[in-house]
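# Understanding the architecture of this molecule
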Amino acid sequence: MLGRVSKLTTAVKRMVVGRPFRSDSLGHTLLPKRIALPVFASDALSSVAYAPEEIFLVLSAAGLSAYVYAPWVGLAVAAVMAVVVASYRQNVHAYPSGGGDFEVATVNLGPTAGLTVGSALLVDYVLTVAVSISSAASNIGSAVPFVATHKVLFAVVAIALLTAMNLRGVRESGTAFAIPTYAFMVGVIVMLGWGLFRVEILGDQVRAESYGFQLDGNESHLVGLAFVFLIARAFSSGCAALTGVEAISNGVPAFRKPKSRNAATTLLMLGLVAITLLIGIITLARRVGVVYASNASDLVGAPPGYEQKTLIAQLAKAVFDGFPAGFYFITVVTALILVLAANTAFNGFPVLGSILAQNRYLPRQLHTRGDRLAFSNGILFLSGAAMAFVVLFGAEVTRLIQLYIVGVFVSFVLSQTGMLRHWTRLLRTETDPAARRRMLRSRVINAIGLTMTGIVLVIVLITKFLAGAWIAIVTMAAIFGLMRLIRKHYDTVARELDEQADENLVLPSRTHSIVLVSKLHLPTRRAVAFARATRPDVLEAVTVNVDEPDTRQLVREWEKSGIPVPLKVIESPYREITKPVVDYVKRVRRTSPRDVVTVFIPEYVVGHWWEQLLHNQSALRLKGRLLFEPGVMVTSVPWQLNSSDRARRQGDVNAPGAVRRGYEGQG
């Protein structure tokens, strides 16, 4: 039965994610610039699609006369974007490992600031998926009634499909998403170019369908601080166009070599395209007389039953008047780019999660690559969290958008602050005049970026806190605390393994012994000691090569340790641990069928259920397989952590490992 279930599970997995890739084929999954641009730029480009709409929507509170300030607000947003892009181009050169804002903040401001950035970006990536997919559901729902009445179902299915595509590998998902992303860029640029050409050169009367409408109560004429605050709020709403800019700095490892140069070039292309689209959309909207309101009922002069279209849709209908194919093309590719915007998070979140796991802030499972060389566990975690937000908020963009962009601007501010300290530190020792000029120029750019993003963050917090931003802040704080606790646990375990001495040894019977090794620490030494004490005919240590640098380091440490046991390295091109060990044990049995093979597995004994999630996963899988092999004995060599001792003293009969420690049934 178990075999049939395992085969069925494997078949389903292969159907979804495809055949596994060898570790040595990782280089073939790295992204060239032409694929990296749509992979990492879809979020920022989709933000440009609705950021101008948000600017007009906020300004409408002061009446149509306030629309005159829209181009200036757009220029301010473009200036912020240019500064942020320039700053992040320096980030990818200075910190090319893929840590992005997390690494910049950690190195220059300390681990607390780095962890703050990490928690903020994790939340923002989840919300990117939830907001983008919910927005796509709303856009498609305006044309397909079934989607409008089942938005949550549509959003969940869409997230599941994106998850499956990303589990197949970064290169394949990038190729699948390249065509619609480029179609959106080309289509909108053609629309803007043709529309401005008709208005400015041909002198055509190109008018939006909302041209001539008035706003209900539009002559409020806000003055003084109220008007300044309105402009600032419009500016902060337009800064939604900046979401996704940081994704490239977090995804540098996914680029082909030279990674830093290719990432910086891709970031420059993203900035140029995004700024062009932003300014072009605002300019054309002013030329064709778009009037936009939060509700169609606020539009005075609109015909009965009028349904307000999105800003992009109004521009497309006006520019391609008499050419319906152009209108539908722009509408379709805009809806697609909103769906694909989530793909930026599916590339950025797993990489950031892997880096945090490598720094022991998240479970180690998030650091390992799956069958297709993608960070599968991170992809699945992101998918589950995004689905939870979609279901919790009913896939309503107006509710989710209040939680959005807080995290990305927190990371912007801390990253800019970290880069300021980075350049200041380098300037203290740099003597070359040309290099100093470059560093001073870079520091000025970062200072301007810090000032601008800091102002935006303050405005966002003031205007959106009670509307829902507090939920994002509380979630960030919760993730921050959880990561601190995980790091504290791993540090505690590391200290125990370094400081504690070996305890009494137990002598088992004679056997052919194999000691499984992952690291050369006290649990491994104890397992070797137990195996040696059995006086076996053959004694060998075995490790599985799933990470080449770690394996080479282990071999060097083993040779220096003086342990009189040979270490054998088993190759695992698909990064599996269980199957190579089982196959090796079977070969030993076939060679000497009368021998009893004992496999010694070092294992932690823990006192809390959550610690079991952080340890012993590979050991459990191995034991489950080896126990079914005839003539094979499995010996767990326990190493009691301090938490298990506390649980024993407290008589916690439900503690994990209680049966193995022999004190179950107490109390």
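Residues numbered from 1 in each chain as written. Predicted model: local features only at pLDDT ≥ 70, side-chain atom pairs only at ≥ 80, totals over all residues. Heavy atoms only, no water.

### Observations regarding the overall build of the protein chain
- Summing up its helical and strand segments, the protein chain has 24 helices and seven strands in all.
- Within the protein chain, buried positions represent 52% of all 667 residues.
- When contacts within the protein chain are restricted to residue pairs at least 6 apart in sequence, those whose partners lie at least 24 apart make up 80%.
- Accessible surface, the protein chain as shown: approximately 30,000 Å² in total, 62% of it carbon and sulfur. (Helix = DSSP H or I, 4+ residues; strand = E, 2+ residues; numbered from the N terminus. Buried < 20%, exposed > 50% of the residue type's maximum accessible area, 1.4 Å probe, protein only. Contact = heavy atoms within 4.5 Å. Areas by Shrake-Rupley, 256 points an atom, 1.4 Å probe, with all protein chains shown as cover.)

### Some words on the packing of helix H11 (residues 259-288) against helix H12 (residues 311-319)
- In contact at an axis separation of 10 Å, H11 and H12 are set at 60° when each is read in the N-to-C sense. Classified by the angle between their axes, H11 and H12 sit oblique to one another. The way H11 lies across H12 gives a crossing that is left-handed. Contacts between H11 and H12 involve Ile281, Leu284, Ala285 and Val288 from the first element and Leu311, Ile312, Leu315 and Val319 from the second. (Axes fitted to C-alpha atoms, helices over the stretch in contact; angles between N-to-C directions. Parallel < 35°, antiparallel > 145°, perpendicular 65-115°, else oblique. Left-handed = near helix turned anticlockwise from the far one by under 90°.)

### Notes on the pattern of salt bridges
- Enumeration according to the criterion identifies seven salt bridges in this entry.
- Salt-bridge contacts for Asp204 lead to Arg198; the nearest nitrogen and oxygen are separated by 3.2 Å.
- Take Asp204: its relative accessible area is 30%, and that puts it in the partly exposed class.
- Using a relative accessible area of 14% as the deciding quantity, one classes Arg198 as buried.
- Arg487 serves as the salt-bridge partner of Asp491, at 2.9 Å between the closest nitrogen and oxygen. Remark: Arg487 and Asp491 occur in helix H17 (residues 433-499); sequence separation between them is four residues, near one turn of the helix.
- Each member of the salt-bridge network shares a partner with another, and the members are Arg360, Arg487 and Asp491. (Salt bridge = Lys/Arg side-chain N within 4 Å of Asp/Glu carboxyl O.)

### Description of helix H18 (residues 522-533)
- The terminal C-alpha atoms of H18 lie 16 Å apart, and with twelve residues this matches the ideal 16 Å at 1.5 Å per residue to within 8%.
- The buried count for H18 comes to nine of twelve residues, which makes it a mostly enclosed element.
- Those residues of H18 that sit buried are Leu522, Pro523, Thr524, Arg526, Ala527, Val528, Phe530, Ala531 and Ala533.
- The first or second residue beyond H18 is Arg535, which carries a positive phi of 50°. (Expected span 1.5 Å × (residues − 1).)

### Focus on the sheet that holds strand E7 (residues 632-640)
- Strand order in the open sheet formed by five strands is E5-E4-E3-E6-E7, with parallel pairing between adjacent strands. Two strands in the sheet have a free side with no partner beyond their single neighbour: strand E5 (567-571) and E7. The mean inter-strand angle of the sheet, taken between neighbouring strand axes irrespective of direction, is 30°.
- By the bridge criterion, nine bridges tie strand E6 (residues 597-605) to E7 in an arrangement that is parallel. By the bridge assignment for E7, Val605 is matched with Gln640.
- The strands touched by helix H20 (residues 578-591) within the sheet are strand E3 (512-516), strand E4 (539-545), E5, E6 and E7, with E3 carrying the most contacts at an inclination of about 170°. (Pairing = 2+ DSSP bridges.)

### Here's the deal with the environment of Ile159
- As for its placement among the helices and strands, Ile159 is situated in helix H7 (residues 151-167).
- Looking at Ile159, the relative accessible area reads 0%, which means it is buried.
- Residues Ile159 and Ala386 lie 227 residues apart in sequence; the distance between their C-alpha atoms is 7.9 Å.

### So, unusual backbone geometry
- The phi dihedral of Arg360 falls on the positive side, at around 65°, and the residue is not glycine.
- In this structure, Arg360 sits in the loop between helix H13 (324-358) and helix H14 (376-392).
- Taking relative accessible area as the criterion, Arg360 reaches 28% and is therefore assigned partly exposed.

### Considering the nonpolar core
- Among the nonpolar cores identified, the biggest contains 146 residues, and Phe40, Val129, Ile133, Met191, Leu242, Leu356 and Phe409 are the most heavily contacted of them.
- In contact with Ile133, not counting residues within four places along its chain, are Ala155, Ala158, Ile159, Leu162, Leu338, Val339 and Ala342.
- Within the second largest apolar cluster, 17 residues are counted, among which are Val585, Val588, Val597 and Ile601. (Core = buried A, V, L, I, M, F, W, Y, C linked by side-chain atoms within 4.5 Å.)

### Overview of the packing of aromatic side chains
- Tallying each qualifying case throughout the model produces seven aromatic pairs.
- Centroid distance Phe56 to Tyr67: 5.1 Å. Interplanar angle 85°. Geometry classified as edge-to-face. Of the two residues, Phe56 is situated in helix H2 (residues 33-59) and Tyr67 in the loop between H2 and helix H3 (70-94); the sequence distance between them amounts to eleven residues. The two residues Phe56 and Tyr67 agree in class, both being buried.
- Arranged with centres 5.2 Å apart and planes meeting at 85°, the rings of Phe409 and Phe412 form a pair that is edge-to-face. (Phe/Tyr/Trp six-rings, centres within 6.5 Å; stacked < 30°, edge-to-face > 60°.)

### Topic: the environment of Leu59
- Within the secondary structure layout, Leu59 lies in helix H2.
- Counting along the chain gives 234 residues from Leu59 to Ala293, while the straight-line C-alpha distance between them is 9.4 Å.
- If we skip the residues at most four places from it in the chain, Leu59 touches Ala66, Tyr67, Tyr69, Ala70, Leu230, Ile231 and Ala234.

The values are spatial; any link to function lies outside them.
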